Amino acid sequence: SQTIHQWPATLVQPVGSPLSLECTVEGTSNPNLYWYRQAAGRGLQLLFYSVGIGQISSEVPQNLSASRPQDRQFILSSKKLLLSDSGFYLCACGQAAATDTQYFGPGTRLTVL
Amino acid sequence: AQKVTQAQTEISVVEKEDVTLDCVYETRDTTYYLFWYKQPPSGELVFLIRRNSFDEQNEISGRYSWNFQKSTSSFNFTITASQVVDSAVYFCALITYNTDKLIFGTGTRLQVFP
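Residues numbered from 1 in each chain as written. Chains lettered and ligands numbered in written order. Predicted model: local features only at pLDDT ≥ 70, side-chain atom pairs only at ≥ 80, totals over all residues. Heavy atoms only, no water.

K.L.:
Sorry, what's going on with unusual backbone geometry here?
P.N.:
Peptide bonds are mostly trans, and most non-glycine residues show a negative phi. Cis peptide bonds are those with omega within 30 degrees of zero, and the linkage from Trp-7 of chain A to Pro-8 of chain A qualifies with 0°. Turning to its location among the elements, Pro-8 of chain A is positioned in the loop between β1 (3–7) and β2 (10–13). With a phi angle near 50°, Ser-73 of chain B is a residue other than glycine that sits in the positive phi range. Summarising the element assignment, Ser-73 of chain B is placed in the loop between β8 (64–69) and β9 (74–79). (Helix = DSSP H or I, 4+ residues; strand = E, 2+ residues; numbered from the N terminus.)

Here it is as structure tokens:
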């Protein structure tokens, strides 16, 4: 079964600073990868998903971007953070079919001050 | 449009009580999948169950059971003899072939007191 790693686990960043969150997956190949954000006390919002290297679909237009430089690596970035970017960021992994079960990583808690 | 409603925002019970978490979904698609996830205080979402729209059999896994009823568009989750470790936020989710995206409910926070 797959294992999903995310780092850092927690991050405190000032407004206007850059961001890079990393997600790596073990135990599977050619997975679908997802980035979700969970604002405090709220549900999950899909930000990006990828079906392969270099293939990124954006669900919500904002100042975040994603990249997939390797099969099992998914990166979430920003050039300038906003206060509203604070939240809990979860990476998820699924098999080829979008309807397959998504398994989630431990998450990164981001606070923008 | 696809939608998942978890009307119970928070439930509190005492250990050993049974508790049912409600999930109502909306979709016009005939083929879809329903999920339950658990989010303990650590934050990670833990997968509990996946059920397709053609399988209405109820499922039991230890103290957990799920009741899927297409007639009422519901996929309810029951924890029997609840324990403190069951304290978490529970999310119901839906995906169809047409949407290709997991649609989550807003979650139900369950607190089990000793």
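And the narrative resumes.
K.L.:
Just checking my understanding: could you explain the packing of aromatic side chains for this structure?
P.N.:
Two descriptors summarise a pair of aromatic rings, namely the distance from one centre to the other and the angle between the planes of the rings. Per the counting criterion, the structure on display carries 21 aromatic pairs over all chains. Between Trp-36 of chain B and Phe-77 of chain B, the ring centres sit 5.3 Å apart and the planes meet at 50°, which makes this aromatic pair tilted. Residue Trp-36 of chain B is found in strand β5 (residues 32–39), and its partner Phe-77 of chain B is found in strand β9; the two are separated by 41 residues along the sequence. Of the two residues, Trp-36 of chain B and Phe-77 of chain B, both sit in the buried class. Among the aromatic residues, ring-to-ring pairing joins Tyr-34, Tyr-36, Tyr-49, Tyr-103 and Phe-104 of chain A together with Phe-35, Tyr-37, Phe-47, Phe-91 and Phe-104 of chain B into one connected group. Just above the ring of Phe-88 of chain A sits the side chain of Arg-109 of chain A; from NZ or CZ to the centre is 4.3 Å. (Phe/Tyr/Trp six-rings, centres within 6.5 Å; stacked < 30°, edge-to-face > 60°. Buried < 20%, exposed > 50% of the residue type's maximum accessible area, 1.4 Å probe, protein only. Lys NZ or Arg CZ within 6 Å of the ring centre and 35° of its normal.)

K.L.:
I would appreciate a short explanation of the pattern of salt bridges in the present structure.
P.N.:
A pair can form between side chains of opposite charge whenever their charged atoms are brought close. Going through the model one piece at a time under the given rule, you end up with 7 salt bridges over all chains. Linking Asp-100 of chain A and Arg-50 of chain B is a salt bridge whose minimum nitrogen-to-oxygen distance equals 3.9 Å. On the criterion of chain membership, the pair formed by Asp-100 of chain A in the loop between β9 (87–94) and β10 (103–104) and Arg-50 of chain B in strand β6 (residues 46–52) is interchain, its members lying in two chains. Owing to a relative accessible area of 30%, Arg-50 of chain B belongs among the partly exposed residues under this scheme. Among the charged side chains, a network of salt bridges with common partners joins Arg-51, Asp-55 and Glu-59 of chain B. (Salt bridge = Lys/Arg side-chain N within 4 Å of Asp/Glu carboxyl O.)

K.L.:
Where do I start with the environment of Thr-99 of chain A in this structure?
P.N.:
When you line up the elements, Thr-99 of chain A lands in the loop between β9 and β10. With a relative accessible area of 1%, Thr-99 of chain A lands in the buried category. Sequence-wise, Thr-99 of chain A and Ser-20 of chain A are 79 residues apart; in three dimensions their C-alpha atoms are separated by 28 Å. Here Thr-99 of chain A is in contact with Tyr-33, Phe-35, Arg-50, Ile-95, Thr-96 and Tyr-97 of chain B, once residues within four sequence places are set aside. (Contact = heavy atoms within 4.5 Å.)

K.L.:
I would appreciate a short explanation of the interface of chain A and chain B in the present structure.
P.N.:
Many analyses report the size of an interface as the accessible area lost when the parts associate. Taken together, the contact pairs 19 residues of chain A with 19 residues of chain B. Both faces combined, the contact of chain A with chain B buries some 1,500 Å², and carbon together with sulfur accounts for 60% of it. Inspection of the chain A/chain B interface yields 2 salt bridges. For the pair chain A and chain B, the interface holds 3 residue pairs in polar contact (both at pLDDT 80 or more). Where the side of chain A that touches chain B is concerned, the elements lending two or more residues are β4 (32–38), β5 (44–52), β9 and β10 of chain A. Of all the elements, β5 of chain A adds the most residues to the side of chain A that touches chain B, at 3 residues. Broken down by class, the residue content of the side of chain A that touches chain B amounts to 10 nonpolar, 6 polar and 3 charged. (Buried area = accessible area lost by both parts, 1.4 Å probe. Polar contact = N/O pair within 3.5 Å; in protein donor to acceptor, adjacent residues only side chain to side chain. Nonpolar A, V, L, I, M, F, W, Y, C, P; charged D, E, K, R; others polar.)

K.L.:
Would you explain the environment of Thr-10 of chain A in this entry?
P.N.:
Residue and element names in this part refer to chain A. You can see Thr-10 is positioned in strand β2. Residue classification places Thr-10 among the exposed residues on the basis of a relative accessible area of 58%. Note: C-alpha distance between Thr-10 and Leu-81 (71 residues apart in sequence) is 15 Å.

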